[in-house]
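The lines below spell out each chain.
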Amino acid sequence: MLRRPKPSDSEADLLREQEKFLTSGAPSAANVVRRPDKRRGQAGEGGQDNVANEGRQRDVVTIEDLPDQLPSLTPAPPKKSRFKAGRVTFEDEDAGERLDRHDIHVSAILSRIVERDTSSTPISLPAHTGMAFPKVMHRSGTSSQVPLSSAAGKKSLFARELAAQRLKEGQTALRCTPEASHTPGRREQNLPPDNSMETDQRGAAGHQPTAVTGAGRGVGGPDSSAESTRIHKENQAKLQAMSQSEILLEQKKLLSQLDPKLVDFVRSRKAQSVPSSASSSKQPQGENSKHNPLENRNRQPVSSDAALLFKTPPEVEMEQEDEEEEDLPPPAVTEKDLLLKPRKEWVNMDKLEPEKLEWMRDLPAPRKKGTDKAMQARFDFAGTLIPPTEDLPTHLGLHHHGEEPERAGYSLQELFMLSRSQLIRQRSLALGTLANILSKARAGEYRSVLKGSVVSTVLDAGLLFLLRFALDDSVEAVMSAAVHALKALLVCEDDEECLDCTFSWFRGLASFPLLPSAQEEEEEEEQDEGLPESMKETAEEKEERKTDHDVARQDVVKGLLKIKLLPRLRYILEVFRPSPPVVQDVLQILTRIARHSSISATQVLECPRLMETVLSEFLPASWTVPSSAVPQSVYGLPLAGALKLLRVLATSARHACARLFNSLGVRERLPCLLSVEPAELLVEPTEALRITTEAYRLWAVAAAYGQACQLYIDLYPGLAKTLQSVHAVLSLADPLFPLQLQRVLALLSLLTQVTHTAGCHQELQTGMVSCQGEECPPPPPVSWGHVTGLQASLLGHLRGFVKDLDNPVSLVVIPAYLTYLEAYYHQLCRQNCFKPVETLQEIERLASEVLVPLMSHHAFQGLIDNLKSSSLVCNVQSDRLGPETAPSLPGLACPGWRDRPGVVSPNSPFPLLTALGLLLETITGIHKGLSNKFTSLLLSEPVTGYLRSCSQTMPPLCHSRAWLVRHEHHLLYLLLRLAHRLVSIDPEVAKHASLYHQVALVLLPWLLPGSEYLGHELLSTIIFNKDFILEAHSGGPEAVELGELKLQEETHQHTSPSLQTVGALLREACIQLPSIRGCFLTHLAHLEPSVLTSRDALLGRNPWISSHLLPELTGPSVPSDWPFLPLVSLFERTGLSEGGGLEVEDLPQGALQAVTHCLQWLLLLEVWREEALKVILPVAKLARLSCVFLCSSDLFLERPVQKLTWGLFRLLTRRSRLDSLDLNVPPPGLASFQDLYSALLSQFEAVSFGDRLFGCWLLLPLQRRYSATMRLAVFGEHVGMLRSLGVTLSQLSIPIERFTSPPEDSLPLLHLYFRSLVTGTLKPCWCPVLYVVTLSHVNAFIFSEDAAAQEVEAARHSMLRKVHYLTDEVLRNHLLLFRLPQQQAEFGFDLYEQLPPIRAKRLASVLRQQHGRSDHKGD
């Protein structure tokens, strides 16, 4: 049985049900009845054949390639009944009674009819004629009898004839009232009723006031004319008595009281009458006009007298003309402006309609000067922004009938509308213009002239769905324009060129996935935190629940995949077979989707028939020579874009690369492209070089997995032949030199990866024998013996390039050769055939003949001078406007990379220095005696200045910087590794050890995902190495001790004698550095899988690499607060779960030692490496150190922990540190510091036992500059802790003035202060510090003379009276005689000997007011 359609059914569901219905043969519920065609006979003439045909020809709907869901449109407002609100019905009301009640009898209607008073209305008799019957009216005569100006509004022909007859009768009419012919005021009443409110405008040119009679509007009576005249004269007298400014003032008041719509209406009526009045004013008024006022009245235009009331004086108009010259409306179109005049014979064409003729007038002049007001951006067809002041000719086709017809160009809104036009040309033109705009926006050309982001704006407006609908267009031109626009949105060609240029760098084939930040997903996870695990939605369920719009808003590429972009692109390539530019655009779109993530790359790879189409059409095994230099079709020809798509897909994962080479036949196609020279590929020379280059790169990616190495053995003769011709092809005179250079670099990258893979053959062969059933990768077919012959040839090339360093080509090619040599020597020392003596001699020759001359050459020195200017780390505050990127569509920010300094710029030293440092790291590890030869590199001024700048900066983390900063991190790491080898043997290098240590500390939290191995090596070799901490063995601790003694002498502050000084603590920390290193490595053990994966990639262990796509960029691999890691991890394990109630014996094994080592390391960094911790906010430091008190009930009481925490507290509370400590900023990971402080207060009340260290920790946030919430918590909820907070003023290292100044202004807190003093909760023997603080604030409050609200003043008087009547004389004297805090005094403050006169006067005044009120009550 067929089911009924549901509202939720899509078009596909309806079509499926229709197909079922048609195949079932069931009769339809409704029949189509066709009316008979009289031209073809009656309905029954067709006989049975017509009936049969009619039954067979059913209406069948076929809709192809439409989305399942319609685009979201703003629904129209629901229709509302005008009378529904007035009808009130009740459920129990009888319908008959309601009908009777509303059925009004006709008598009730007739009783309301009132006859109009016509006693004062003149009656005109018909004129005598000689005809028996009235003359028949003809249309030809109507226009001549009634002028157009008198026919206001829509009138029938009869009404016009009647009006003309009345005008004619007005000259000889017989009046019933004899005074009518002598009363000029009565003559006005002969006008038609429609014009009775209109007045004569003969004086309008002089702005003379005119009377309004109001006849015909129900206000005309016997004395209406006299009354109107009297009011008119009275108004004239008032206006003449007022000055011009007073008139303007009254006019503004009147305009402010009236409805703006009414004012606009009257002004528009006045504007319509301006042209007619101007023409009529030029006509001379003779005696005829004086004797015939009706004719004069009809000849002149009419307007309301209110228009004169709203008219602006000339002076104000000029001012507004200067300010708002562009806002003045243009004059209306008149009959004189028409090229073709209307004729009376034209039916219904005698009335002029100016608003419909506006399109015929000339365009207004464009804006002559700029304005600060934001204006809508308009673009030409090339995407160039058109300034508002530019006057372009109309033949360019940029003017149209839009909101601003005088401005050339199209806005984004207009382009969106045109892209859905029914005209093919408009659709394709709009999409092409959008593509050009997007290309320029991605290049950053609009950043300096437009507010906001063009890319974000069009994405929010629904550009993705617009382009997706356009891709479904059956017209190839529209579809091609849509593909071009989608390519402009997704692909930045400069980004792709940058990635291609860095492919030959160290780890250049790896890249980060271009995923947007997961901020919204984190917010959804936070919303699910309170739910049990069974109720939480899985990631798949959340993804399915999202609509297409939500997915596209968060991630553009994922949104495109969700709306089935890949099948459509496959259809375009397979069925449409478009032109070459469209094919290239489609391949670039697929490449950008593959860069998004490994999941997206898998979807591209698994899309049905997509990869088969690409390989069969654009990577054929054989092809013929194209007939022309520019072929009309690229089908059947190899394309470099197709090879690049395969390379990006292969980079995503090992299994993807294996599928391409084994299942899809890439292994068989590569020899066809690489076995011959590029000139023999039977394609255009430029494309041939690109194809060869991309083929080498694709092969290099496969070799980096240990795959496709059999091809190396098969194609070895061709590779050797290509290597022999390197010097010949790299000629600057060759017009194809840039392409030849990229081809050579790609070949060297291939040989480097093959060498790494061959070096792993022996290890895999041995592991295969000893694995005993465990999973082990199979050994590659290429072994070390297959690659040893390359080293001599490439080393000879390198010597030749070093000798010719003056040639700019040499500095570009040398990094690839150095990278190959590093791979060769790195793998050589792991082979069984390794001969140490011969290798050491060979390395010495390499250093003396190649590396040292290279480093001493002036070209090399000039290159490293650009080190600092090319650095991304050092140039964080760059003022250059970058390209536009949207959060949902991240990019690499590479537009213009050739024209500005940067890591990838032509003058950048980073590729050469990185390759050189990589080789030095390897050969100095093999031959340690060579390290001294490279001291000059490390001590050169450019390198030292670069390292010094890096140690003082904090670069941000973002997608646009990450992939380039990763290469800079490699260079910094290699420089530090070279310093590690030299610092212990070279005194000059040892002098800069502190600088290298500082750089290592700041580099560690910068390292991105994929560089975990570098961080592990820094921690193991440099960061905790005593050789890099010069202060540890050069009198550093002693200097700190002397500084503390000097500080105590200056401030006269003496800490507890049982506590050791910071100098002694530092001396102990330096001794424990190896143990501290072990502690931190243990707490970073969770990163071990990432470290091993990173190690395999960085050390060239190709068969173990699973993907060259780096991990998602969610943040640095090591958190910036890593020095607090042992303390924070202990709090997460015990403090949160156990509530901080565990004793030290119950803590995990080694917890006390780990906390001690953590505090020792923090103390060392705070004293000697303060710059390394500046990335951590002071409030974050305080919050993380607070874990010492929250982890356990007595951990802070342990002797070593308390010593170190005291030392850190003194460092954090130094005057310079206190100024930067802002507790109003929430610490990272916490909602607010107040929440943490509440937990500390509860822990203090429970387990502190009055500990002085804990007390100082709680007093720190009670300073006056911080929020009163924490002080309210102490004196409100936790007032009982005041009894045990026994910190003295000498033990507190914070000046007491920070607690007492400025005076407290929180009235609830002052009441709590006073209550704690009066009730005895706060005493000087229990809590000396807060006793002084409360005395100071209460004393300042009760004796304050500042003006305040009545409530505050009443509180002052009340509190002062209560102080006066206190029975506790000591407290009373303290409150009244308090002077200033004084640390050496008995109670910590000074007292007046007697009450000062000002205070005594204030007290007497308050008491006198109280006595006066009490006497008044007694009376």
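None of these values were measured; they are calculated from a predicted model.

1. Some details on the overall build of the chain
In terms of regular secondary structure, the chain is built from 67 helices and two strands. For the chain, buried positions account for 46% of its 1419 residues. When contacts within the chain are restricted to residue pairs at least 6 apart in sequence, those whose partners lie at least 24 apart make up 75%.

2. So, the nonpolar core
One finds Trp699 and Trp1161 to be the most contacted residues of the largest nonpolar core, which totals 357 residues. A total of 13 residues in this core trace back to one element, the largest contributor, which is helix α45 (residues 959–982). With near-sequence residues (within four places) excluded, Trp1161 lies in contact with His997, Leu1001, Ile1023, Phe1024, Leu1073, Ile1076, Phe1080, Trp1122 and Pro1123.

3. Brief notes about the packing of helix α36 (residues 737–759) against helix α39 (residues 808–828)
At a minimum axis separation of 8 Å, α36 and α39 run at an interaxial angle of 5 degrees. In terms of orientation, α36 and α39 fall into the roughly parallel class. Here α36 contributes Phe737, Leu741, Leu745, Leu748, Leu751, Thr752, Thr755, His756 and Gly759 to the contact with α39, which in turn contributes Val809, Val812, Val813, Ala816, Tyr817, Thr819, Tyr820, Glu822, Ala823, Tyr824, His826 and Gln827. Split by residue class, the contact of α36 with α39 holds 13 nonpolar, seven polar and one charged.

4. Notes on a negative patch on the surface
A surface patch of like charges, here negative, comprises Glu1138, Glu1143, Glu1145 and Asp1146. Tracing the sequence through the fold places Asp1146 in the loop between α53 (1125–1138) and α54 (1151–1168).

5. A look at the pattern of salt bridges
All told, the structure shown has 45 salt bridges when counted by the stated rule. The salt bridge involving Arg553 is made with Asp550; its shortest N-O contact spans 3.9 Å. Separated by three residues within a single helix, Arg553 and Asp550 lie in helix α23 (residues 548–554), roughly one turn from each other. The exposure class assigned to Arg553 is partly exposed, which follows from its relative accessible area of 40%. Take Asp550: its relative accessible area is 25%, and that puts it in the partly exposed class. Arg1101 is paired through a salt bridge with Asp1096; the nearest N and O atoms lie 2.8 Å apart. For Arg1101, a relative accessible area of 18% corresponds to the buried category.

6. Details of the side chain of Thr722
Note that Thr722 resides in helix α34 (residues 716–724). A distance of 2.9 Å separates a polar atom in the side chain of Thr722 from the backbone oxygen of Gly718. Apart from residues lying up to four places away in sequence, Thr722 is in contact with Glu677, Tyr696, Arg743 and Leu747.

7. Some thoughts on the side chain of Asn1102
With respect to the secondary-structure elements, Asn1102 resides in the loop between α52 (1088–1098) and α53. A relative accessible area of 2% places Asn1102 in the buried class. A polar contact is formed between the side chain of Asn1102 and the backbone oxygen of Ala703, at a distance of 3.5 Å. The residues contacting Asn1102, other than those within four sequence positions of it, are Arg654, Ala703, Ala704, Tyr705, Gly706, Gln753, His756, Thr757 and Cys760.

8. A word on α53
Under the 1.5 Å per step criterion, the end-to-end length of α53 is 19 Å for 14 residues, consistent within 8% with the ideal 20 Å. At the exit of α53 stands Gly1139, carrying a positive phi of roughly 70 degrees.

9. Some remarks on the confidence of the model for the chain
Here the chain averages 81 in pLDDT, and 77% of its residues register 70 or above. Under a pLDDT of 50 for its full length, residues 40–59 has, in the predicted model, 12 contacts with residues more than four places off or in other chains. The low-confidence segment residues 171–207 (pLDDT under 50) makes 59 contacts with residues lying over four places distant or belonging to another chain.

10. Focus: the packing of aromatic side chains
Summed over the entire model, instances satisfying the criterion amount to 25 aromatic pairs. For the pair Phe1024 and Trp1122, a centre-to-centre distance of 6.4 Å together with 85 degrees between the ring planes defines the contact as edge-to-face. With a gap of 98 residues between them, Phe1024 in the loop between α48 (1012–1023) and α49 (1036–1051) and Trp1122 in the loop between α52 and α53 connect regions that are remote in the sequence. For the pair Phe1024 and Trp1122, one class covers both residues: buried. One aromatic cluster in this structure is built from Phe1189, Phe1196, Trp1206, Phe1209, Phe1244, Phe1254 and Trp1257. In this structure, Arg577 is placed above the aromatic ring of Tyr635, and the distance from its NZ or CZ to the ring centre is 4.1 Å.

11. Description of the state of the cysteines
Going through the model one piece at a time under the given rule, you end up with zero disulfides. Of all cysteine sulfurs in the structure, the one in Cys874 sits closest to Cys950, which takes part in no disulfide; the separation is 3.7 Å.

12. Some details on helix α60 (residues 1252–1259)
Note: α-helices contain 3.6 residues per turn, so residues at a spacing of three or four share the same orientation. Among the eight residues of α60, seven are classified as buried, and the element is accordingly described as predominantly covered. Among all positions of α60, only Leu1253, Phe1254, Gly1255, Cys1256, Trp1257, Leu1258 and Leu1259 are buried. Where α60 is buried, its residues touch α55 (1178–1185), α56 (1187–1190), α57 (1199–1212), α59 (1233–1247), α62 (1297–1300) and α64 (1328–1342). Here α60 starts with a cap whose side-chain oxygen sits 3.2 Å from the backbone nitrogen of Leu1253, and that cap is Asp1251.

13. Regarding unusual backbone geometry
Going from Ser1301 to Pro1302, the amide bond is cis rather than trans, its omega being -5 degrees. Positionally, Pro1302 belongs in the loop between α62 and α63 (1307–1318). Phi is positive for Lys564, close to 65 degrees, though the residue is something other than glycine. At Ala708, a position not held by glycine, the phi torsion is positive, near 60 degrees. Mapped onto the elements, Ala708 comes out in the loop between α32 (685–703) and α33 (710–714).

14. Section: a nonpolar patch on the surface
Judged by side-chain polarity, Leu340, Trp346 and Met349 come together as a nonpolar surface patch covering roughly 320 Å² of accessible area. Its location among the elements puts Met349 in the loop between α14 (314–323) and α15 (412–418).

So, how was this worked out
- Position numbers for residues count from 1 along each chain, tracking the sequence in the order it is written.
- For this predicted model, a pLDDT threshold of at least 70 governs which residues receive local features, and a threshold of 80 or more governs which side-chain atom pairs are given and counted, while totals over whole chains, interfaces and linings are taken from all residues.
- To obtain the side-chain values, all non-hydrogen atoms of the structure were included, while hydrogens and water were left out.
- Counting from the N terminus, the helices are the DSSP runs of H or I reaching at least four residues and the strands are the DSSP runs of E reaching at least two.
- Each residue is placed in one exposure class: buried if its accessible area under a 1.4 Å probe, protein chains only, is under 20% of its type's maximum, exposed if it is over 50%, and partly exposed if it falls in between.
- Between two residues, a contact is recorded if the distance between any of their heavy atoms is within 4.5 Å.
- Here the nonpolar core consists of buried residues drawn from Ala, Val, Leu, Ile, Met, Phe, Trp, Tyr and Cys, with membership extended through side-chain atoms lying within 4.5 Å.
- The axes are straight lines fitted to the C-alpha atoms, using for helices just the contacting stretch, and the angles between their N-to-C directions are given from 0 to 180°.
- Angular relationships are summarised with four words: roughly parallel below 35 degrees, roughly antiparallel beyond 145, roughly perpendicular across 65 to 115, and oblique for the angles in between.
- Basically, the charged four are Asp, Glu, Lys and Arg, the nonpolar ten are Ala, Val, Leu, Ile, Met, Phe, Trp, Tyr, Cys and Pro, and anything else, Gly included, counts as polar.
- Nonpolar side chains (Val, Leu, Ile, Met, Phe, Trp, Tyr) within 5 Å and like charges within 9 Å form the patches, drawn only from residues with over 30% relative accessible area and no salt bridge.
- Each accessible area value is a Shrake-Rupley result obtained with a 1.4 Å probe; residue values ignore everything except the protein chains displayed when judging cover.
- The salt bridge criterion pairs a side-chain nitrogen of Lys or Arg with a carboxyl oxygen of Asp or Glu, the two atoms within 4 Å.
- When charges are tallied, Lys and Arg are placed among the positive residues and Asp and Glu among the negative ones, while His and the ends of the chain are skipped.
- We put the charge of a Lys on NZ, of an Arg on CZ, of an Asp on CG and of a Glu on CD.
- For the purposes of these results, a polar contact is taken to be a pair of N or O atoms within 3.5 Å, where, inside protein, one atom must be able to donate a hydrogen and its partner to accept one; residues adjacent in sequence count only when each atom of the pair is a side-chain atom.
- Here, expected helix span is obtained from the residue count minus one, scaled by 1.5 Å.
- What pLDDT conveys is the predictor's confidence in a given residue, as a value from 0 to 100.
- Side-chain rings of Phe, Tyr and Trp, where Trp is taken by its six-membered ring, are said to pair if the distance between their centres is within 6.5 Å; with planes under 30 degrees apart they count as stacked, over 60 as edge-to-face, and otherwise as tilted.
- Whether a charge sits over a ring depends on NZ of Lys or CZ of Arg being within 6 Å of the ring centre and within 35 degrees of the ring normal.
- Count a disulfide wherever a pair of cysteine sulfur atoms falls within 2.5 Å.

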